[in-house]
Amino acid sequence: MKLRCGARELDLSLPRVMGILNVTPDSFSDGGRFHALDAALRHAEQMLQDGAELIDIGGESTRPGAAQVGEQEELERVVPVVEAIAARLDVCISIDTSSPAVMSASAAAGAHLLNDVRSLTRPGALAAAAATGLPVCLMHMNGEPQVMQEAPHYDQPIEEAVLQQLQDSIERCEQAGIARERLLIDPGFGFGKNDRHNYRLLNRLEYLQQLQLPLLTGLSRKRMIGAATGNPIAAERLQGSVSGAVICAMKGARIIRVHDVRETVDAMNVLHATLKEGYV
Ligand SMILES: Nc1nc2[nH]c(SCCc3ccc(S(N)(=O)=O)cc3)nc2c(=O)[nH]1
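Basis of the calculations
Each residue is numbered by its place in its chain's sequence as written, counting from 1. It should be noted that, the model being predicted, local features are given only for residues of pLDDT at least 70 and side-chain atom pairs only at 80 or more, the latter also being counted only at that level, while totals for whole chains, interfaces and linings use all residues. Calculated side-chain values reflect all of the structure's heavy atoms, with hydrogen atoms and water omitted. UniProt positions are given in the numbering used here, feature names are shortened, and annotations may be inferred rather than shown by experiment. Here a helix means four or more residues in a row that DSSP labels H or I, a strand means two or more in a row labelled E, and each is numbered from the N terminus. By definition in these notes, contact holds between two residues if any of their heavy atoms fall within 4.5 Å. As a rule, the C-alpha atoms of each element are fitted with a line to give its axis, helices using only the stretch in contact, and angles between N-to-C directions run from 0 to 180 degrees. We call two directions roughly parallel when the angle between them is under 35 degrees, roughly antiparallel when it is over 145, roughly perpendicular when it lies between 65 and 115, and oblique otherwise. Crossing chirality is assigned from the near helix's rotation relative to the far helix, an anticlockwise turn below a right angle marking it left-handed and a clockwise turn marking it right-handed. Just to be clear on terms, a salt bridge is a Lys or Arg side-chain nitrogen sitting within 4 Å of an Asp or Glu carboxyl oxygen. Exposed residues in this analysis have more than 50% of their type's maximum accessible area, buried residues have under 20%, and partly exposed residues fall in between, with area computed by a 1.4 Å probe over protein chains only. Here a residue counts as near a molecule or strand whenever at least one of its heavy atoms sits within 4 Å of it. Whenever a nitrogen or oxygen atom comes within 3.5 Å of another N or O atom, the pair is scored as a polar contact, on the condition that within protein one atom can donate a hydrogen and the other can accept it, and that pairs from neighbouring residues in sequence are kept only if both atoms are in side chains. Accessibility throughout is a Shrake-Rupley quantity obtained with a 1.4 Å probe, and a residue counts as covered only by protein chains that appear here. Each residue is assigned to one of three groups, with Ala, Val, Leu, Ile, Met, Phe, Trp, Tyr, Cys and Pro labelled nonpolar, Asp, Glu, Lys and Arg labelled charged, and all others, Gly among them, labelled polar.

The name an unreviewed UniProt entry assigns to the protein is Dihydropteroate synthase, from the organism Venatoribacter cucullus. Checking UniProt for the protein, the heading Cofactor (unreviewed entry) contains the comment "Mg(2+)". Note on the protein: under the UniProt heading Catalytic activity (unreviewed entry), the record states "(7,8-dihydropterin-6-yl)methyl diphosphate + 4-aminobenzoate = 7,8-dihydropteroate + diphosphate".

Now the structure itself:
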């Protein structure tokens, strides 16, 4: 499996690390300190040095209960950051947005991957994504961030519900002219799921391999980690997050979306050595 990222191709036969770059005032774990362009650029450079091969830039916080952000505000937050990183760093740039205008502007500014937690359901998003020609990550979400964690409920096993919604999203994309080869999938840990749902989904992550598309996962510093480790503070969930990253990678995830790049890259290198049977 390969992922085209501009002039480069990412070989997805081994798990790759995607560093999170929140450019929101209220990001759920960075304390929103990366709102300034220069701070964002320094953070991106650090994650690249630490071994991240993709950077996911997000201007809208989609954590549970987060307020929606206006399109103009989101554009002003992310486009300058995409431009600055595209101009200075050799890295695969992902844009975490549901807004068609932000998708188009970010693609024009140099983004290589569209990461939409709402799977192109906003009006105009399918057409905008198709027009960019970029790969698209489709993610399962139950409800909207404002209400998704109130009382998540499923009439079927979570892995079946996630598979079904992802299949529906894939079909919508194909009908809109987005070839299946351009798609990635993601179970959406924490998006309308309680801790039981999240851990059953993690336990059965291989179930999604039947879609035969690159799998991206993001459980870094999320509530499910804190629930298992008894740690209420998101920024202190490092060990649990790295453990979750290894489990995802061993169960087929090829892009791991994380806050703590250096530590996760070390864990992925141990996995790489194992998958390649050491360096002999
Ligand atoms: N593809 C992809 N993109 C993502 N963007 C985000 S932002 C995180 C929003 C959030 C924060 C915290 C909780 S919680 N209540 O579980 O701690 C849920 C969602 N995440 C993901 C993810 O996974 N995939």
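(A) Up close: the side chain of threonine 217. Looking at where threonine 217 falls in the secondary structure, it is placed in strand β9 (residues 215-217). When residues no more than four places from it in sequence are discounted, the contact partners of threonine 217 are Asp186, Pro187, Phe189, Leu205, Cys248, Ala253, Ile255, Ile256 and Arg257.

(B) Geometry of the packing of helix α2 (residues 71-88) against helix α3 (residues 100-109). In contact at an axis separation of 9 Å, α2 and α3 are set at 15 degrees when each is read in the N-to-C sense. As the angle between them shows, α2 and α3 are arranged roughly parallel. The interaxial crossing formed by α2 with α3 has right-handed handedness. On the side of α2, the interface is formed by Glu71, Glu74, Leu75, Val78, Val79, Val82, Glu83 and Ala86, while α3 contributes Ala101, Val102, Ala105, Ser106 and Ala109.

(C) Region of the structure containing the pattern of salt bridges. Going through the model one piece at a time under the given rule, you end up with 14 salt bridges. For the salt bridge of arginine 42 with aspartate 38, the shortest nitrogen-to-oxygen distance reads 3.7 Å. In this pair, arginine 42 and aspartate 38 are both assigned in helix α1 (residues 37-49), four residues apart and thus about one turn of the helix distant. The exposure class of aspartate 38 is partly exposed, given its relative accessible area of 46%. The closest approach of N and O atoms between aspartate 56 and arginine 257, which form a salt bridge, is 2.7 Å. Of the two residues, aspartate 56 sits in strand β4 (residues 54-58) while arginine 257 sits in strand β10 (residues 253-258), which places them 201 residues apart along the sequence. Across the pair, arginine 257 and aspartate 56 agree in class, each one buried.

(D) Representation of the site of the ligand in the model. Not every one of the 16 residues close to the ligand is listed here, only the nearest: Asp96, Asn115, Asp186, Lys222 and Arg223. Within the contact set of the ligand, an oxygen atom lies 2.7 Å away from a backbone nitrogen or oxygen of arginine 223. Here the ligand, which alone exposes 550 Å², has 94% of that area covered by the protein. Residues of the shell around the ligand, tallied by class, amount to six nonpolar, four polar and six charged.

(E) Seen up close, α3. Taken as a whole, α3 has its buried residues at Pro100, Val102, Met103, Ser106 and Ala109. Packed against the buried residues of α3 are α2, β5 (92-96), β6 (113-116) and α4 (125-132). Immediately downstream of α3, the backbone of glycine 110 shows phi near 120 degrees, a positive value.

(F) Just the packing of helix α5 (residues 158-175) against helix α6 (residues 195-203), in detail. At a minimum axis distance of 9 Å, the contact between α5 and α6 shows a crossing angle of 75 degrees. Here α5 is positioned roughly perpendicular relative to α6, judged by the angle of their axes. Touching Ile158, Glu159 and Val162 of α5 are His197, Arg200 and Leu201, all from α6. Of the residues belonging to the contact of α5 with α6, the class tally is three nonpolar, one polar and two charged.

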